[in-house]
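# Geometric and topological summary
Here's the letter readout for the chains.
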Amino acid sequence: MATTAQAKGKPTPRRLKAAGPKESLYQWEGRDKMGKKVRGEMRAGGEAVVQATLRRQGIQQVKVKKQKMSGGRKVTDKDISLFTRQLATMMRSGVPLLQAFDIGIKGSGNPTFAKMLNDIRSDIEGGASLSQAFSKYPVHFDRLFVSLVAAGEQAGILDSLLDRLATYKEKILAIKGKIKSAMFYPVAVVVVASIVVAVIMLFVIPEFKNVFASFGADLPVPTQIVIAMSDYFVANWYIIFGIVFAAIFSIGFAYKRSPKMQIIVDRLILQLPVVGDIVRKATIARWNRTLSTMFAAGVPLVEALDSVGSASGNHVYVVATKQIQNEVSTGTSLTVSMQNVDVFPTMVVQMVSIGEESGQLDAMLGKVADFYEAEVDDAVAGLSTLLEPLIMVFLGVVIGGMIVAMYLPIFKIGAVVG
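Below or above, wherever it landed, is the structure these notes cover. (Residues numbered from 1 in each chain as written. Predicted model: local features only at pLDDT ≥ 70, side-chain atom pairs only at ≥ 80, totals over all residues. Heavy atoms only, no water.)

### A word on the overall build of the protein chain
Put simply, the test is: Numbering goes from the N terminus for both helices and strands, where a helix is a DSSP run of H or I of at least four residues and a strand is a run of E of at least two. Working definition: with a 1.4 Å probe on protein chains only, accessible area under 20% of the residue-type maximum means buried, over 50% means exposed, and in between means partly exposed. Any two residues whose heavy atoms approach within 4.5 Å are treated as being in contact. Here the Shrake-Rupley method, with its probe set to 1.4 Å, supplies the accessible areas, and only the displayed protein chains count as covering residues.
Scanning the protein chain from N- to C-terminus turns up 17 helices and three strands. Counting every position in the protein chain, which comprises 418 residues, the buried fraction comes to 38%. A fraction of 61% describes how many contacts in the protein chain between residues 6 or more apart in sequence connect residues 24 or more apart. Element-wise, carbon and sulfur atoms account for 61% of the exposed surface of the protein chain, whose accessible area totals about 23500 Å².

### What to know about the packing of aromatic side chains
We describe a pair of aromatic rings using the distance from one ring centre to the other and the angle between the two ring planes. For the record, the criterion: Only centres within 6.5 Å qualify two rings of Phe, Tyr or Trp (six-membered ring in Trp) as a pair; their planes then separate them into stacked at under 30 degrees, edge-to-face at over 60, and tilted for everything else.
As enumerated under the stated definition, the model contains 15 aromatic pairs in all. Arranged with centres 5.3 Å apart and planes meeting at 85 degrees, the rings of Phe-134 and Phe-145 form a pair that is edge-to-face. Separated by eleven residues along the polypeptide, Phe-134 in helix α7 (residues 130-135) and Phe-145 in helix α8 (residues 143-155) bring together distant segments of the chain. Per residue, the accessibility class of Phe-134 equals that of Phe-145, and both read buried. Taking the centre distance of 5.5 Å and the plane angle of 80 degrees together, the rings of Tyr-317 and Phe-344 count as edge-to-face. Taken together, the positions of Tyr-317 in helix α14 (residues 315-329) and Phe-344 in the loop between α15 (334-341) and α16 (346-358) put the pair 27 residues apart, joining distant regions of the chain. Comparing Tyr-317 with Phe-344 shows no difference in burial state: the two are buried. An aromatic cluster is defined as three or more aromatic residues linked by ring pairs; in this entry it consists of Phe-83, Phe-101, Phe-113, Phe-134, Phe-141 and Phe-145.

### Observations regarding a positive patch on the surface
Note the cut-off: Patch construction takes residues with relative accessible area above 30% that form no salt bridge. Like charges are linked within 9 Å, and nonpolar side chains (Val, Leu, Ile, Met, Phe, Trp, Tyr) are linked within 5 Å. By definition, a salt bridge exists where a carboxyl oxygen of Asp or Glu is found within 4 Å of a side-chain nitrogen of Lys or Arg. Counted as positive: Lys and Arg. Counted as negative: Asp and Glu, with His and the chain ends omitted from the count. Note on charges: their place is set at NZ of Lys, CZ of Arg, CG of Asp or CD of Glu.
Together, Lys-74, Lys-180, Lys-256 and Arg-257 make up a region of like positive charge exposed at the surface. Secondary-structure assignment places Arg-257 in helix α10 (residues 221-257). Overall, Arg-257 belongs to the exposed group, its relative accessible area being 64%.

### Side note on the packing of helix α11 (residues 259-271) against helix α12 (residues 275-296)
Basically, it comes down to this: In this analysis, axes come from line fits to C-alpha atoms, helices being fitted only over the stretch in contact, and the angle between any two N-to-C directions falls in the range 0 to 180 degrees. Any angle that falls under 35 degrees is termed roughly parallel, while one over 145 is termed roughly antiparallel, one within 65 to 115 roughly perpendicular, and all others oblique. Just so you know the grouping, Ala, Val, Leu, Ile, Met, Phe, Trp, Tyr, Cys and Pro go in nonpolar, Asp, Glu, Lys and Arg go in charged, and all remaining residues, Gly too, go in polar.
Between α11 and α12, whose axes approach to 6 Å, the crossing angle comes to 115 degrees. Here α11 is positioned roughly perpendicular relative to α12, judged by the angle of their axes. Contacts between α11 and α12 involve Ile-269, Leu-270 and Gln-271 from the former and Gly-276, Val-279 and Arg-280 from the latter. Class assignment of the residues belonging to the contact of α11 with α12 gives a composition of three nonpolar, two polar and one charged.

### Brief notes about α14
What counts here: In this analysis, the expected span of each helix is defined as 1.5 Å times one less than the number of residues it contains. Counting of polar contacts relies on pairs of N or O atoms within 3.5 Å, with two restrictions inside protein: one atom must be capable of donating a hydrogen and the other of accepting it, and residues adjacent in sequence are counted only when both atoms are side-chain atoms.
The end-to-end C-alpha distance of α14 is 21 Å, a good match for the 21 Å that 15 residues give at a rise of 1.5 Å each. Those residues of α14 lying buried are His-315, Val-316, Tyr-317, Ala-320, Thr-321, Ile-324, Gln-325, Glu-327 and Val-328. On the buried face of α14, the contacting elements are α11, α12, α13 (301-312) and α15. Capping the start of α14 is the job of one residue whose side-chain oxygen sits 2.9 Å from the backbone nitrogen of Val-316: Asn-314. At the exit of α14 stands Gly-331, carrying a positive phi of roughly 105 degrees.

### Some thoughts on α16
Taking 1.5 Å of rise per residue, the 13 residues of α16 would be expected to cover 18 Å, and the 18 Å separating its terminal C-alpha atoms lies within 8% of that figure. With its phi angle positive at about 75 degrees, Gly-359 sits one or two positions after the end of α16.

### Describing the nonpolar core
Applied cut-off: What is meant by a nonpolar core is a set of buried Ala, Val, Leu, Ile, Met, Phe, Trp, Tyr and Cys residues, joined one to another through side-chain atoms within 4.5 Å.
Counting 77 residues, the largest nonpolar core has Phe-134 and Phe-344 as the members making the most contacts within it. Residue contacts for Phe-344: discarding those within four places in its chain leaves Trp-287, Tyr-317, Ile-324, Met-338 and Val-349. If you look at the next biggest cluster of nonpolar residues, it comprises 14 residues, including Ala-198, Ile-200, Ile-227 and Met-406.

### Let's talk about the packing of helix α4 (residues 77-92) against helix α9 (residues 158-213)
Counted only if it meets this: Throughout, a crossing is termed right-handed when the near helix is turned clockwise from the far one, and left-handed when it is turned anticlockwise from it by less than a right angle.
Remark: α4 packs on α9, axes separated minimally by 8 Å, with the N-to-C direction vectors making an angle of 155 degrees. Considering the angle they form, α4 stands roughly antiparallel to α9. Where α4 crosses over α9, the handedness of that crossing is left-handed. Here Asp-77, Lys-78, Ile-80, Ser-81, Thr-84, Arg-85, Leu-87, Ala-88, Met-91 and Arg-92 of α4 come into contact with α9, specifically with Leu-158, Asp-159, Ser-160, Leu-162, Asp-163, Leu-165, Ala-166, Thr-167, Lys-169, Glu-170, Leu-173 and Lys-176.

### Some points on the environment of Met-294
Assignment of secondary structure puts Met-294 in helix α12. Residue classification places Met-294 among the buried positions, given a relative accessible area of 0%. Between the alpha carbons of Met-294 and Tyr-168 there is a distance of 9.9 Å; along the sequence they are 126 residues apart.

### Quick look at the environment of Glu-327
Looking at the element boundaries, Glu-327 is found in helix α14. With relative accessibility at 18%, the residue Glu-327 sits in the buried group. Taking C-alpha positions, Glu-327 is 6.2 Å from Ser-337, a pair spaced ten residues apart along the chain.

Below is the structure:
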């Protein structure tokens, strides 16, 4: 009869459970049989279920409040990395999956992330696999993450692969942090300098101009140039600011929407002096770390390359990875395919060749990633030392030059009076 029922499309008990209301976390308090005040938390499909359950346990005067899990900040890579490490540790220690999610939800400091974990937990309790539940949130759990979790479920080594995935997430997060720190300092200085220049142009120089107008003498050429620039800025400041903001917005919008724009911007970034070299090394490190992690987990090479390109963080390498994947799928070796795209240093290609010949490709890729991550560390440390004198020169030439130009007439008058 069961077979006939399923053949007619009637839901199995698992499907019925999955179709039911999602459970939420409730906080409750009441009094036990001795009149003592007690409180706790319970996961249930509604307040009525919590009250009925507690009354069956002899708890009266029950007050139930649903735990709110909204209004938090957006989910970050750090949230995902920390949760992955927690989940790997708990599963390796033998904690049941649903209980591990409960601990993760309670321990999360981000209500938005806690709500997402609660929804994932409900899907798992309704019969979905862990990889299926994660796949519903592709923005936070990408194809690489889902593929590794699915491989771990199929092979029965989910705790081991979660541990490997947590290590991968931590390393990628660390190298992204180094890139951001390398870019933040010069960008911050340029922004602050631009604000200072705008304030001087709009408010300071016009005051000097009024003072100089009473002198009745010819101004030095540098002073005249700065005053003319200030006059133009004051008359057209809204147009200048509008063009700047429109240009930034347009480039950002086009970058997100247009693959061609992504290639142009990413290629330009790679060509920048000093910073471009750091970005290239970080991209190569991520590329090799991702491929090493997936290949070691038993994911076929062609399938693994699907996730490697997007994980690299640079569209030039996304396009190159797609070409490598196409060539590998037709029987070309990974080494030859990497040589053909001409975006990897010779050392990387040679290490991959040794890995293919020795059957230890994942280990060699991991060593390449370690090497380039160390290179990024050294480059970021050297960048700070290099940028400090360059930024001082920049500020001195731009802002200092304007101030000197405005004081030249005062120096001239002082010389005449003296």
